[in-house]
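What the coordinates show
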Amino acid sequence: MPQPKRVFVTGATGFLGSHLAFHFLEQGHHVSVLARSSKSATARERVEDTLRTVAGSDAATKTLLKRLDVLEGDISRPGFDLNDAATQQLT
């Protein structure tokens, strides 16, 4: 198995981004995703719910989520609207 890498994915609550994030997690990589919160859910809750749907079960995602970082931000904003700590984590 190749050396695990760190991967950054935007759009992890959408169709393509969620499938890419899930694929990278399955391959053993550490994945950081950028997501927005909603009025009813945090960014992390939205991403985890979406990944559970892609996986087909909660059990299939349980161990994968340990390698997932969710950064709350917005791709349309300067600097993705991330704070300094989140920006440092990405770089």
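Keep in mind that this is a model prediction, so the values were computed, not measured.

The rules behind these values
Residues numbered from 1 in each chain as written. Predicted model: local features only at pLDDT ≥ 70, side-chain atom pairs only at ≥ 80, totals over all residues. Heavy atoms only, no water. Helix = DSSP H or I, 4+ residues; strand = E, 2+ residues; numbered from the N terminus. Rg over C-alpha atoms; globule rule 2.2 N^0.38 Å. Contact = heavy atoms within 4.5 Å. Areas by Shrake-Rupley, 256 points an atom, 1.4 Å probe, with all protein chains shown as cover. Lys, Arg positive; Asp, Glu negative; His and termini not counted. Charge placed at Lys NZ, Arg CZ, Asp CG, Glu CD. 1 Å grid on protein atoms, 1.4 Å probe; cavity = no way out; pocket = protein on both sides within 12 Å on 5 of 7 lines; lining within 4 Å. Points joined across faces, edges and corners; volume = space filled by probe spheres on them. Nonpolar A, V, L, I, M, F, W, Y, C, P; charged D, E, K, R; others polar.

**Here we look at the overall build of the protein**
- Each helix and strand in the protein was counted, giving four helices and three strands.
- Ordered by position in the sequence, the α and β elements of the protein form the string β-α-β-α-α-β-α.
- In terms of overall size, the protein behaves like a compact globule, its C-alpha atoms giving a radius of gyration of 13 Å where 91 residues would be expected to give roughly 12 Å.
- Principal-axis analysis of the C-alpha atoms places the extent of the protein at approximately 35 × 35 × 20 Å.
- Sequence-distant contacts in the protein: of pairs separated by 6 or more residues, those separated by 24 or more amount to 60%.
- Working note: accessible area of the protein is about 5,800 Å², and carbon and sulfur atoms make up 52% of it.
- Between the averaged position of the 11 positive side-chain charges in the protein and that of its 10 negative side-chain charges there is a distance of 4 Å.

**Things to note about the layout of surface pockets**
- Volume-wise, the largest pocket comes out at about 160 Å³.
- Lining the largest pocket we find T10, G11, A12, T13, L34, A35, R36, R46, G73, D74 and I75.
- Split by residue class, the lining of the largest pocket holds four nonpolar, four polar and three charged.

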